[in-house]
Amino acid sequence: MAYQTIIEDDIDILVVGAGLGGTGAAFEARYWGKDKKIVIAEKANIHRSGAVAQGLYAINCYMGTRFGENKPEDHVRYARIDLMGMVREDLLFDMARHVDSTVHQFEEWGLPIMRNPKTGAYQREGRWQIMIHGESYKPIVAEAAKKSADKVYNRICVTHLLMDESRPNRVAGAIGFNVRTGNCHVFKAKAVIVAAGGASNIFKPRSVGEGAGRVWYAPWSSGSAYGLLIGAGAKMTQMENRIVLARFKDGYGPVGAYFLHLKTYTQNGYGEEYESKWWPQLQQMVGKEYLDPDSWHLTHRPIPTCLRNHALISEVNAGRGPIHMVTMEAFQDPHLEEIGWHNFLGMTVGQAVLWAATDVDPKNENPELTTSEPYVMGSHATGCGAWCSGPEDVSPPEYFWGYNRMTTVEGLFGAGDAVGGTPHAFSSGSFTEGRLAAKAACKYIDDGKAEGIRVSDEQINRRRAEIYKPLEHYRIYRNEITAGTVNPNYITPRQGLDRLQKLMDEYCGGVSTNYMTNEKLLNIGLKKLKYLEEDLEKLGAENIHELLRAWELKHRHLTSEAVMHHTLFRKETRWPGYYYRGDYLKLDDENWHVLTVSRRDPETGEYTMEKAPCYHLVED
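Calculation rules
All chains use their own residue numbering, which begins from 1 and follows the written sequence. At least 70 in pLDDT is required for a residue's local features to be given in this predicted model, at least 80 for side-chain atom pairs to be given and counted, and no such filter applies to totals for whole chains, interfaces and linings, which use all residues. For side-chain calculations, the full set of non-hydrogen atoms in the structure is used, while hydrogens and water are omitted. Lines fitted to C-alpha atoms define the axes here, with helix axes fitted over just the stretch in contact, and angles between the N-to-C directions of these axes take values from 0 to 180 degrees. Under the scheme used here, helices are H or I runs from DSSP no shorter than 4 residues and strands are E runs no shorter than 2 residues, and both carry numbers assigned from the N terminus. The hand of a helix crossing depends on one turn: near helix anticlockwise from the far one by less than a right angle means left-handed, and clockwise means right-handed. Only heavy atoms enter the contact rule, under which two residues are in contact if any of them lie within 4.5 Å. When residues are sorted by character, Ala, Val, Leu, Ile, Met, Phe, Trp, Tyr, Cys and Pro go into the nonpolar class, Asp, Glu, Lys and Arg into the charged class, and all the rest, Gly among them, into the polar class. Domain segmentation is taken from an automatic or database assignment of domains. In short, buried area is how much 1.4 Å probe accessible area vanishes from two parts on joining, totalled over both. Any Lys or Arg side-chain nitrogen found within 4 Å of a carboxyl oxygen on Asp or Glu counts as a salt bridge. As used in this structure description, the phrase polar contact means that two N or O atoms lie within 3.5 Å; if the pair is within protein, one of them must be able to donate a hydrogen and the other to accept it, and residues adjacent in sequence are counted only when both atoms belong to side chains. Patch criteria: residues need more than 30% relative accessible area and no salt bridge. Like-charged residues are merged within 9 Å; nonpolar side chains of Val, Leu, Ile, Met, Phe, Trp and Tyr are merged within 5 Å. Exposure was quantified through the Shrake-Rupley algorithm and a 1.4 Å probe, taking into account, for residues, occlusion by the shown protein chains and nothing else. Working definition: with a 1.4 Å probe on protein chains only, accessible area under 20% of the residue-type maximum means buried, over 50% means exposed, and in between means partly exposed. Any two strands between which DSSP finds at least two bridges are classified as paired. One less than the number of residues in a helix, times 1.5 Å, gives the span that helix is expected to have. Throughout, the bend at a residue refers to the angle made by two axes, fitted to the seven residues ending there and to the seven starting there. In this scheme Phe, Tyr and Trp rings, the latter by its six-membered ring, pair at centre separations within 6.5 Å, and the angle between planes marks the pair as stacked below 30 degrees, edge-to-face above 60, and tilted otherwise. Definition used: whenever NZ (Lys) or CZ (Arg) falls within 6 Å of the ring centre and also within 35 degrees of the ring normal, the charge is taken to sit over that ring. UniProt positions are given in the numbering used here, feature names are shortened, and annotations may be inferred rather than shown by experiment.

Attention now goes to the packing of helix H1 (residues 20-32) against helix H12 (residues 426-446). Two measures define how a pair of helices packs: the angle their axes make with one another and the distance between the axes. Interaxial distance between H1 and H12 falls to 7 Å at its minimum, and their mutual angle equals 40°. The way H1 lies across H12 gives a crossing that is right-handed. Contact with H1, carried on its side by Leu 20, Gly 21, Thr 23, Gly 24, Ala 25, Phe 27, Glu 28, Ala 29 and Trp 32, involves Ser 427, Ser 430, Phe 431, Gly 434, Arg 435, Ala 438, Lys 439 and Cys 442 of H12 and no other residues of that element. In terms of residue class, the contact of H1 with H12 is built from 8 nonpolar, 6 polar and 3 charged.

Turning our eyes to something else, we now look at the domain arrangement of the protein chain. Taken domain by domain, the protein chain comprises domain 1 (246-371) and domain 2 (467-606). Relative to domain 2, the C-alpha centre of domain 1 lies at a distance of 31 Å. Between domain 1 and domain 2 the total buried area reaches about 1,100 Å² when both faces are included, carbon and sulfur atoms providing 55% of it. Sorting the residues of domain 1 by area buried against domain 2 places Met 285, Tyr 290 and Cys 306 first, and these three jointly supply 45% of that buried surface. Where domain 1 packs against domain 2, one counts 0 salt bridges. At the surface where domain 1 touches domain 2, the tally comes to 8 residue pairs in polar contact (both at pLDDT 80 or more).

Next up on the list: a nonpolar patch on the surface. Taken together, the side chains of Leu 345, Val 349 and Val 353 present a nonpolar region at the surface, about 270 Å² in accessible area. Summarising the element assignment, Val 349 is placed in helix H11 (residues 349-357). Classification of Val 349 by relative accessible area gives partly exposed; the value is 45%.

Across 9 bridges, strand E1 (residues 5-16) lies against strand E8 (residues 184-194) in parallel orientation. Across the sheet, the residue bridging to Ile 7 is Val 186, located in E8. Bridge analysis of E1 against strand E2 (residues 38-41) gives 4 bridges, and the strand direction is parallel. Along E2, the bridge assignment pairs Ile 13 with Ile 38.

Moving on, we come to helix H3 (residues 89-109). Because an α-helix completes one turn every 3.6 residues, residues spaced three or four positions apart along the sequence face the same direction. End to end, H3 covers 30 Å across 21 residues, agreeing with the expected 30 Å (1.5 Å per residue, within 8%). At His 98, H3 shows its maximal kink, close to 35°. Just downstream of H3 lies Gly 110, where phi reads positive at about 115°.

The next thing to look at is the environment of Val 511. On the secondary structure map, Val 511 appears in the loop between helix H14 (493-507) and strand E16 (516-517). For Val 511 and Pro 374, which are 137 residues apart along the polypeptide, the C-alpha to C-alpha distance reads 7.9 Å. Beyond its immediate chain neighbours, meaning those up to four positions away, Val 511 contacts Arg 206, Ser 372, Glu 373 and Asp 505.

Enumeration according to the criterion identifies 26 aromatic pairs in this entry. Seen in terms of ring centroids, Phe 27 and Trp 109 are 5.0 Å apart; in terms of plane orientation they differ by 80°. Their pairing is edge-to-face. You can see Phe 27 sitting in helix H1 and its partner Trp 109 sitting in helix H3, a full 82 residues away along the chain. By relative accessible area, which is 24% here, Trp 109 ends up partly exposed. Joined through ring pairs, the aromatic side chains of Phe 27, Phe 106, Trp 109, Tyr 137 and Phe 431 make up one cluster. Over the aromatic face of Tyr 31 sits the side chain of Lys 34, whose NZ or CZ is 4.8 Å from the ring centroid.

Between Gly 321 and the following residue, Pro 322, the backbone shows a cis peptide bond with an omega angle of -5°. Within the secondary structure, Pro 322 is located in the loop between helix H9 (305-317) and strand E12 (323-326). One non-glycine residue, Asn 169, adopts positive backbone phi at about 60°. The partly exposed category is assigned to Asn 169, whose relative accessible area is 34%.

Taken in spatial order, the 4 strands make up an open sheet running E10-E13-E12-E11, and their pairing is antiparallel. The open sheet has two free edges, formed respectively by strand E10 (246-248) and strand E11 (265-267), since each of these has just one partner strand. Averaged over all adjacent pairs, the angle separating strand axes in this sheet is 40°, with direction ignored. In terms of strand pairing, E10 meets strand E13 (residues 368-371) through 3 bridges, oriented antiparallel. Bridging from a neighbouring strand, Phe 248 pairs with Leu 369 of E13.

For the rest of this paragraph, the subject is the UniProt feature "active site" (unreviewed entry) in the protein chain. Under the present numbering, the feature "active site" (unreviewed entry) in UniProt falls on Arg 301. By secondary structure assignment, the location of Arg 301 is in the loop between helix H8 (296-299) and H9. Beyond its immediate sequence surroundings of up to four residues, Arg 301 is in contact with Ile 81, Glu 289 and Trp 296.

A separate point is the sheet that holds strand E18 (residues 594-600). The 4 strands lie next to each other as E14-E9-E18-E19, forming an open sheet whose pairing is antiparallel. Taken across any chain shown, the strands that pair with only one partner, and hence form the sheet edges, are strand E14 (385-386) and strand E19 (607-613). In terms of strand pairing, strand E9 (residues 236-237) meets E18 through 2 bridges, oriented antiparallel. Across the sheet, the residue bridging to Thr 237 is Val 597, located in E18. Across the sheet, helix H16 (residues 544-569) touches E9, E18 and E19, and the angle it forms with E19 is around 55°.

Listed below in structure tokens is the structure:
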């Protein structure tokens, strides 16, 4: 095969993924490592990559400490309530105490942030959200990262992490290929910060056929943050904590701005308020500690997002759908009508196009809401990711093993979606996590922990052969097609993805089962995932683009397997509205007020599961 092998040697810090977490890592690494060699590898182009490349009109995580608005402890309490208690409070507090400085840095770089003309404070959309002109967000942040890095490699799909051969369980770099030229790229590095994205499209999406690609989370986020870490043998946590979103039907336009800005509300198909009808039944499932409507007017505690989802799902199942958002009242005000449309122009223009195409005018017709298929991520309102060390001044002994945000693999750090237990970080929090990881990675190198790393030609050649195997497999068997794209000797990446999504949907609590699963279904699902894993060895890729799709599928498969194992392990329904264990329909704090931790043996593929304590370090 004619593809070149390009080796970048003597890297101090390799950043994999240049979304907000990766750009934060590169920026901070230069601050603490003035003489260090810093390299970025990004699957797309750093100027428009990561989930933020979809567009944003708000920064969703800002304390406002300088304006006396919130304290980091407030954010920890909020995330704890929304996640039904299951968060790493040391990591959350650490992010929250640094995130404001990140936002101030963005403004210094030129990001337009709206301000309240009377107070001078940033214009709030909600308690944690501030309004920005988001079209320039990613390019501004990317520019700072580019100036900090020695080299930026765009269009590199990193497929594997390289492991040190002089010492077990220590990372030594990464390998992948250029999605345009096809060349193999080898990065030998003392420390690696994985800041790739979470996973969309592992569950069968609601929109298929002509609507394929309409998903809430970035469709290019293929679970590489998890596939790379799981493949290297890093411990993972809370992988069962997938998220389901209530959004405008089919276009997945955001609804939070409508609630907060336009003061809209929801009702069922008969024009009735429905949420409160479900609280008594739901309280039986989760207990008064997590759902106590009688005390809401005193405590102002938010209703956990998953519980609101439960009410929506239950009302539709009771035959009183569809659920509508009442926009007709707010849209009579021309100013609010304009704001309503503008909310989509910044980040989900497709929702406005869809309404226009289907003759839905929210001024004259209340649009439908629905719940999405599940997504797996660690930086939005869920906490999937690697089991990472916390900061030494906050973390209890079980959460600390030397370097902040370092996984259980030495020299391997995480940021953004890659770090588990830290929900509600969003874009600014992910950038902050990148900064924290980079500072710790520099100290790891300065402490001499990365000395003597060795990567043999045998490891590189073995990985290279593995990377290009789908191309070779297709070349050998391409003339044995029996009909259409059907070939008895290989499956295409599209065929494999369809099979994965159907499997996850039917056995792990997707849309078609109303988010319901149980032990029997999960065990069948795991068996089928093993069969799929065998068949993925026979993927056929016609060209470099399909090779990219093949490796995205492999990362999605590893992510899915972890989700399935974690869901099987947690024998309770912790987040009704996100998924249900039909055989354990109640929340069980006595046995499951714990964090779940897994490890996949890189040699055997076998999983081990364990419970870890869930400490509440911030007082109520």
